Amino acid sequence: MGRYVVRRLLQAIPVLLGTTFLIFALVYALPGDPIQALAGDRAVDPIFRATMREMFHLDDPLIVQYGYYVQGIFTGDFGMTFRGVPVSTIFEGKFQVTLNLALMALVIEAIVGVGLGLIAALRRGKAADTAILAFTLLLVSVPTLVSGFVLQLVLGVQLKTSTGIDFFPVAGTSEGWRSYLLPGLVLAGTSIAYLTRLTRTSLMETLRADYVRTAIAKGMPRRRVLGRHALRNSLIPLVTYLGADLGALMSGAVITETIFNLNGIGRQLFDSVYLSENSVVVGIVTVLVLIFIAANLIVDLLYAVLDPRIRYE
Amino acid sequence: MKNPSVDTHLLPADSGTIGTEPLLAVDNLHVEFTTRQGVVRAVNGVSYALNAGETLAVLGESGSGKSVTAQAIMGILDMPPARVPKGEIRFRGTDLLKLSENQRSQIRGQQIAMIFQDALSALNPVFTVGWQIAEMFRVHKGMSKKDSYTKAIELMDRVRIPAARQRVNDYPHQFSGGMRQRIMIAMSIALDPDLLIADEPTTALDVTVQAQIMELLAELQRDSNMGLILITHDLGVVADVADKIAVMYGGRIVENAPVHDIYRNPAHPYTKGLLESIPRVDMKGQELYAIKGLPPNLLDMPTGCAFHPRCPFRQDNCVTDVPALHAISGTRSSACHYWREVLDGTAG
């Protein structure tokens, strides 16, 4: 078990190097001069330009620039922006906001998705099942832009003006965990649909298993047959999906963060690509990759907890 | 025809009880399944009875309805698609089909228990065997975790699992096939049921282990005087342990008889064919006998006697008339128009 974790962490190193190099190369290949971008439409003083290019190693080959970058990373230094701000300062608080948002989305997704999936599986072929399946189709079809603004308007504004219930803040992070309710719901949207369908399929398959029949033959109450014997076995694919989804939710929050005015890394990433702040872009991606690797490792370790047939040596 | 020898002195005397209700009486049971292709009539008027301490072997090939009948007794059919349009299943005089689901789950596991064919898939892979046995005591008897595990270890000892105390926290996949079936058996006898249904308990096991498991079942039955229904397609398995045999074909019982009668002289062409298809040492080198043709398609049953397309003694009325279950003696019956001729060996 311990050796397995160490091995997985060592495997993470080439993954991290590969992904950061790819993103570094992509940013390098972007058209436009980042120094010119600092000045907008005005002309840039040639001496200033030469100094800046020298300082940020912009005239070195790609691989050398990447070498400087990796060197920095291993000493905990994410580098400076062209505007002279340390990248770590820009990150301050922003990863926390996005992580909160992604975790809120994950919780909503798990509760709603698994819940709906269970109902659908137990009412297979009945009206509730059909309605839930239709609802998941609707969820995947509505773009975040639409669902975001509609929820903001209905739950955030109209609910308050018509009933006086002021529970769903529409922007910012000043209301603690409640601030993340609406954006979390919007971000979770499509994932809820996938998880619902996955839960439904997984549970339906488990319910056909011989050991469920055994549990019934043992005279176990229905609640116990479902909640203990079937559910535990259905959870395995769901945990995989949820784990992989954490990374996807964190990197996919750009639009949601913009609609709900959350100061997270999604927006920062977008802005930085726009301003050619290469060091910020690569830094964000590096951290996201780390989170992705960590989430997958946790999922793999959870397998062994859920299914005793899996052993790590 | 030379019959396989049977040690008749080992068989208990026929324990038919006249006037009293048997432990289990299945009466004119019908089970059908609604499928996309139409209604499958899996069980068409099956009747059999069993007394305490008795072993009934239900014999038949796949699709004969033997397992479906057992699942109907157990109440573990998926309904829908399954449906029981007709019939009674009386257990100690009570018709199980008239009980509520709640009442039935009280009987399941406590009074009627079941063992399944493939213990690996029938045991839950994510719980320890101890947990799965102890669950019987915790849920049905409200026992504490500690006491129920003590009971589980006792039961594992009783079905002769070596080092039960050390293995109680192992998972099903860590046991061999024979040991897994012993776990299944331990679980099923946990609450001293009056009736045990074993659905092909030895099919997934190799031959030496098969004999051990059958021996264990017979021993447990002797100790507790429970009724045992043994569902199988293996004639070799039943000879030593069964008191009586019900042979099923196409959802019906075609022959009912005490075990020694059936081995000595079958009264139905299908039974005769089954007996002749047992490989025998004294026939070594000769071609193996097989019943010609295929089992009936349950969606499109043959007219008349379901066995007629494969029957070597077929007559014209076999194609048109469904044979009734003729009483041959107090304990025997056969669903063949020509049972006399089959018995005499003059048929065909």
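Procedures and definitions
- Residues numbered from 1 in each chain as written.
- Chains lettered and ligands numbered in written order.
- Predicted model: local features only at pLDDT ≥ 70, side-chain atom pairs only at ≥ 80, totals over all residues.
- Heavy atoms only, no water.
- Salt bridge = Lys/Arg side-chain N within 4 Å of Asp/Glu carboxyl O.
- Buried < 20%, exposed > 50% of the residue type's maximum accessible area, 1.4 Å probe, protein only.
- Domains from an automatic or database assignment.
- Contact = heavy atoms within 4.5 Å.
- Buried area = accessible area lost by both parts, 1.4 Å probe.
- Polar contact = N/O pair within 3.5 Å; in protein donor to acceptor, adjacent residues only side chain to side chain.
- Helix = DSSP H or I, 4+ residues; strand = E, 2+ residues; numbered from the N terminus.
- Nonpolar A, V, L, I, M, F, W, Y, C, P; charged D, E, K, R; others polar.
- Pairing = 2+ DSSP bridges.
- Axes fitted to C-alpha atoms, helices over the stretch in contact; angles between N-to-C directions.
- Phe/Tyr/Trp six-rings, centres within 6.5 Å; stacked < 30°, edge-to-face > 60°.
- Lys NZ or Arg CZ within 6 Å of the ring centre and 35° of its normal.
- Patch = residues over 30% accessible without salt bridge, like charges linked within 9 Å, V, L, I, M, F, W, Y side chains within 5 Å.
- Areas by Shrake-Rupley, 256 points an atom, 1.4 Å probe, with all protein chains shown as cover.
- Expected span 1.5 Å × (residues − 1).
- Arc of directions from axis to C-beta.
- Parallel < 35°, antiparallel > 145°, perpendicular 65-115°, else oblique.
- Left-handed = near helix turned anticlockwise from the far one by under 90°.

A. Quick peek at the pattern of salt bridges. Taken as a whole and judged by the stated rule, the model has 18 salt bridges over all chains. As a salt-bridge pair, aspartate 307 of chain A and arginine 309 of chain A come within 3.1 Å of each other at their nearest N and O atoms. Overall, the relative accessible area of 8% leaves aspartate 307 of chain A in the buried class. One salt bridge connects arginine 90 of chain B with glutamate 88 of chain B, and the closest N-O pair in it is separated by 2.6 Å. Among the charged side chains, a network of salt bridges with common partners joins Lys218 and Arg224 of chain A together with Glu135 of chain B.

B. Structural view of the domain arrangement of chain B. All names here are of chain B. Each assigned domain of chain B is listed with its residue range as follows: domain 1 (22-242) and domain 2 (257-344). For domain 1 and domain 2, the distance between their C-alpha centres works out to 28 Å. Facing 15 residues of domain 1, the contacting portion of domain 2 comprises 10 residues. Both sides together, the interface formed by domain 1 and domain 2 hides about 1,000 Å², and carbon and sulfur atoms give 66% of it. On the domain 1 side of the interface with domain 2, the three residues burying the most area are Val40, Glu61 and Leu235, jointly 47% of the side's total. Our count for the domain 1 to domain 2 interface comes out at 1 salt bridge. Our count for the contact surface shared by domain 1 and domain 2 stands at 1 residue pair in polar contact (both at pLDDT 80 or more). Elements with a contribution of two residues or more to the side of domain 1 that touches domain 2: β2 (38-50) and α9 (235-238). With 5 residues, the single largest contributor to the side of domain 1 that touches domain 2 is β2. Along the lines of polarity and charge, the residues of the side of domain 1 that touches domain 2 split into 8 nonpolar, 5 polar and 2 charged.

C. The arrangement of the sheet that holds strand β11 (residues 326-327) of chain B in detail. Residues and elements named next belong to chain B. Read from one edge to the other, the open sheet built from 8 strands follows the order β6-β7-β8-β3-β9-β10-β12-β11, with strand pairing classed as mixed. In the strand order of this sheet, the two ends are held by β6 (112-115) and β11, each with one partner. Sheet topology note: the strand β7 (residues 195-199)/strand β8 (residues 227-232) ladder contains 5 bridges and is parallel. Looking at the pairing, leucine 196 lines up with leucine 228 of β8. Across the sheet, helix α1 (residues 66-74) is in contact with β3 (55-59), β6, β7, β8 and β9 (244-249); its angle to β6 comes to roughly 145°. The sheet contacts of helix α7 (residues 177-188) involve β6 and β7, and relative to β6 the element is tilted by about 175°.

D. Quick peek at the interface of chain B and chain A. In this complex, chain B contributes 24 residues to the contact, which on the side of chain A involves 19 residues. The junction of chain B with chain A conceals about 2,100 Å² of combined surface from both sides, 61% of it contributed by carbon and sulfur atoms. Ranking the residues of chain B by area buried against chain A places Pro125, Val126 and Glu135 of chain B at the top, with a combined share of 24%. At the surface where chain B touches chain A, the tally comes to 2 salt bridges. Close ionic contact of arginine 224 of chain A with glutamate 135 of chain B constitutes a salt bridge, the shortest N to O distance being 2.7 Å. For the pair chain B and chain A, the interface holds 12 residue pairs in polar contact (both at pLDDT 80 or more). Within the residue set of the side of chain B that touches chain A, elements represented by two or more residues are α1, α3 (119-122), α4 (129-141) and α7 of chain B. Considering each element in turn, the side of chain B that touches chain A owes the most residues, 6 residues, to α4 of chain B. Taken together, the residues of the side of chain B that touches chain A break down into 14 nonpolar, 8 polar and 2 charged.

E. Seen up close, the packing of aromatic side chains. Taken as a whole and assessed by the stated rule, the structure comprises 9 aromatic pairs over all chains. Judged by centre distance (5.0 Å) and plane angle (80°), the rings of phenylalanine 21 of chain A and tyrosine 66 of chain A are edge-to-face. Remark: tyrosine 66 of chain A occurs in helix α4 (residues 62-74) and phenylalanine 21 of chain A occurs in helix α1 (residues 2-29); sequence separation between them is 45 residues. Judged by its relative accessible area of 28%, phenylalanine 21 of chain A is partly exposed. Aromatic pair phenylalanine 127 of chain B and tryptophan 131 of chain B: ring centres 4.0 Å apart, planes at 15°, arrangement stacked. For the pair shown, phenylalanine 127 of chain B and tryptophan 131 of chain B are each scored as buried. Within the aromatic cluster, the residues linked to one another by ring pairs are Phe21, Phe24, Tyr66 and Tyr69 of chain A. Lying across the ring of phenylalanine 91 of chain B, arginine 92 of chain B places its NZ or CZ 5.9 Å from the centre.

F. Structural context of a nonpolar patch on the surface. Residue and element names in this part refer to chain A. Taken together, Phe135, Leu138, Val142, Leu145, Val146, Phe149, Val150, Leu153, Val154, Val157 and Ile255 make up a surface patch of nonpolar side chains, about 900 Å² in accessible area. Counting residues per element, the ones that place at least two in the nonpolar patch are α7 (127-141) and α8 (144-163). The element best represented in the nonpolar patch is α8, accounting for 7 residues.

G. Examining α7 of chain A more closely. Residue and element names in this part refer to chain A. Given a rise of 1.5 Å per residue, 15 residues ought to cover 21 Å, and the 21 Å separating the end C-alpha atoms of α7 matches this to within 8%. Inspection of α7 places Asp129, Ile132 and Thr136 among the buried residues, and these make up the whole buried set. Buried residues of α7, viewed axially, fall in a sector of 65°; they line one side. Away from its buried face, by an angle of more than 90 degrees, α7 presents the exposed residues Ala127, Thr130, Leu137, Leu138 and Ser141.

H. Up close: the packing of α7 of chain B against helix α8 (residues 207-224) of chain B. All names here are of chain B. Where α7 meets α8, the closest approach of the two axes is 10 Å, and the angle between their N-to-C directions is 15°. By the criterion of interaxial angle, the relationship of α7 to α8 is roughly parallel. Crossing hand, α7 versus α8: right-handed. Across from Gly178, Gln181, Arg182 and Ile185 in α7, the residues of α8 making contact are Val209, Gln212, Ile213, Leu216, Leu217 and Leu220.

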